[in-house]
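Below are the chains, spelled out letter by letter.
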Amino acid sequence: MTGDTARGPAAAVRTVLGDVPPGSLGVCDSHDHLFLTTPALPGQELDDPRAARAELAAFAAHGGRAVVQWTPWGMGRRLGDLPALSRDCGVHIVAATGLHQARHYRHVPDGLAELFVAELTAGAGLIKVAGAFHHLDDHARHVMTAAARAHHATGAPIGVHLEGGTAALETLDHLCGAHGVAPERVVLGHLHRFPDTRLHLQAAQAGAYLAFDGPSRAHHAADAHLIDCLAALAGAGHTDQILLGGDTVTAAARSTADGPGMPYLLTTLRPRVAYELGDDTAEAIFVRNPARAFAAPWPRPRPTASDAV
């Protein structure tokens, strides 16, 4: 996906401040949320710009250089706040379009593919979709079909919320088998919530990126399996497909509250990955892999973010 002038546009990561070369992304939190609201989680909103700024600044203080916000359309992304946060904190931010599960919405708009393309053209850099528990329901299939159309129009990567870490292979069958999305353009999220290493290996062998995200208060038992899951993939030769993120979805989970929040990735998880699996594996997971996973040869490049971070 590197591209050249003979084959088409060079790949770039689309951030809220413009397109940047993949090599400039730096240390990346590959799945997190600065803002998120949903009727499914009343009273647990991430909607405070000052708290988001403090969290992002804390991440930056420990060497964080990029965050991929997976909050999709209709869930309080506060897109207008993201450029200033990125600029002020010195952290690249990749924003998402797409839709989550139906329970997060009071209504689902028509023309989803056109909506996704419009938002990707305007500055989103990822399409977020979601499966159901151990299957794809009608809503998931509808949204994923629209995401595949938007991907083919723009080249954008597709990030998938796997409910409880399940239905990974069903998702790949639908996106890649039925709708022709290249598997390396798919990022499967929440896999450590279903710590079946054989299933993880099947998904990796298919060619997808595998995102392990947490620590999560709602799924804390799965965190104990994280290193074992990563070791199984690395041992089978799939180091270059692993991503890690914090997936902070409630205000209480921020580092400025009861934590551990975004900085935990760099203060605790990265050193542990380096200790258990080696420095090069840690560098791949936090730097090299996100640079590839979230880059695309955008057909309508936005101006290079000369004032980006």
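Bear in mind the structure is a predicted one, so any value in this text is a computation, not a measurement. (Residues numbered from 1 in each chain as written. Predicted model: local features only at pLDDT ≥ 70, side-chain atom pairs only at ≥ 80, totals over all residues. Heavy atoms only, no water.)

(A) Focus on the overall build of the chain. When helices and strands are counted, the chain shows 10 helices and 12 strands. For the chain, whose C-alpha radius of gyration is 17 Å, the value lies close to the compact-globule estimate of 19 Å for 309 residues. Looking at the chain as a whole, 55% of its 309 residues are labelled buried. Across the chain, the fraction of contacts at a sequence separation of at least 24, relative to all contacts at a separation of at least 6, is 76%. Of the roughly 12000 Å² of accessible surface on the chain, 53% is carried by carbon and sulfur atoms. Seen as two clouds, the 24 positive and the 31 negative side-chain charges of the chain have centres 4 Å apart. (Helix = DSSP H or I, 4+ residues; strand = E, 2+ residues; numbered from the N terminus. Rg over C-alpha atoms; globule rule 2.2 N^0.38 Å. Buried < 20%, exposed > 50% of the residue type's maximum accessible area, 1.4 Å probe, protein only. Contact = heavy atoms within 4.5 Å. Areas by Shrake-Rupley, 256 points an atom, 1.4 Å probe, with all protein chains shown as cover. Lys, Arg positive; Asp, Glu negative; His and termini not counted. Charge placed at Lys NZ, Arg CZ, Asp CG, Glu CD.)

(B) Structural context of the environment of Arg106. The residue Arg106 is located in the loop between β6 (96–98) and α3 (112–122) in this model. The exposure class of Arg106 is exposed, given its relative accessible area of 77%. Between the C-alpha atoms of Arg106 and Leu265, which are 159 residues apart in sequence, the distance is 34 Å.

(C) Focus on helix α4 (residues 138–154). Between its first and last C-alpha, α4 extends 24 Å over 17 residues, near the 24 Å set by a 1.5 Å rise per residue. Turning to α4, its buried residues are His139, Ala140, Val143, Met144, Ala146, Ala147, Ala148, Ala150, His151 and Thr154. One or two residues past the end of α4 sits Gly155, with phi positive at roughly 85°. (Expected span 1.5 Å × (residues − 1).)

(D) Fine view of the sheet that holds strand β7 (residues 126–130). An order of β6-β7-β8-β9-β10-β11 is seen for the 6 strands of this open sheet, with the pairing classed as parallel. Either end of the sheet is taken by a strand with one partner, and the two such strands are β6 and β11 (242–245). Shown here is a sheet whose adjacent strand axes are inclined to one another by a mean of 30°, direction ignored. With 2 bridges connecting them, strand β9 (residues 186–189) and strand β10 (residues 209–213) associate as parallel partners. In the strand pairing of β10, Leu188 is matched with Leu210. (Pairing = 2+ DSSP bridges. Axes fitted to C-alpha atoms, helices over the stretch in contact; angles between N-to-C directions.)

(E) The arrangement of the pairing of strand β1 (residues 12–15) in detail. Burial of the side chains of β1 extends over both faces: Ala12 and Arg14 are buried on one face and Val13 and Thr15 on the other. In this sheet, strand β12 (residues 295–296) lies alongside β1 in antiparallel orientation, the contact comprising 2 bridges. Bridge pairing in β12 links Val13 to Ala295. Note: β1 against strand β2 (residues 18–20), 3 bridges, orientation antiparallel. Each bridged residue has a counterpart across the sheet, and for Thr15 the counterpart in β2 is Gly18. Adjacent in sequence and paired antiparallel, β1 and β2 are bridged by 2 residues.

(F) Main features of unusual backbone geometry. Residues other than glycine seldom take positive phi values, yet Ala167 does so here, at roughly 65°. Positionally, Ala167 belongs in the loop between β8 (158–161) and α5 (168–178). On the basis of relative accessible area, Ala167 is assigned to the buried category, the value being 6%. Its identity is not glycine, yet Asp247 carries a phi of approximately 50°, on the positive side. Relative to the elements of secondary structure, Asp247 occurs in the loop between β11 and α9 (264–277).

(G) The arrangement of the packing of aromatic side chains in detail. Taken as a whole and judged by the stated rule, the model has 1 aromatic pair. Note on Trp73 and Tyr105: the rings are 5.9 Å apart at their centroids and 25° apart in plane angle, and the pair reads as stacked. Taken together, the residues span a long stretch of sequence, with Trp73 in the loop between β4 (66–69) and α2 (82–89) and Tyr105 in the loop between β6 and α3 at a distance of 32 residues. For Tyr105, a relative accessible area of 11% puts it in the buried group. Over the face of the ring belonging to Trp298 we find Arg14, whose NZ or CZ atom lies 4.3 Å from the ring centre. Geometry around Phe35 places Arg78 over its ring, the cationic atom sitting 5.4 Å from the centre. (Phe/Tyr/Trp six-rings, centres within 6.5 Å; stacked < 30°, edge-to-face > 60°. Lys NZ or Arg CZ within 6 Å of the ring centre and 35° of its normal.)

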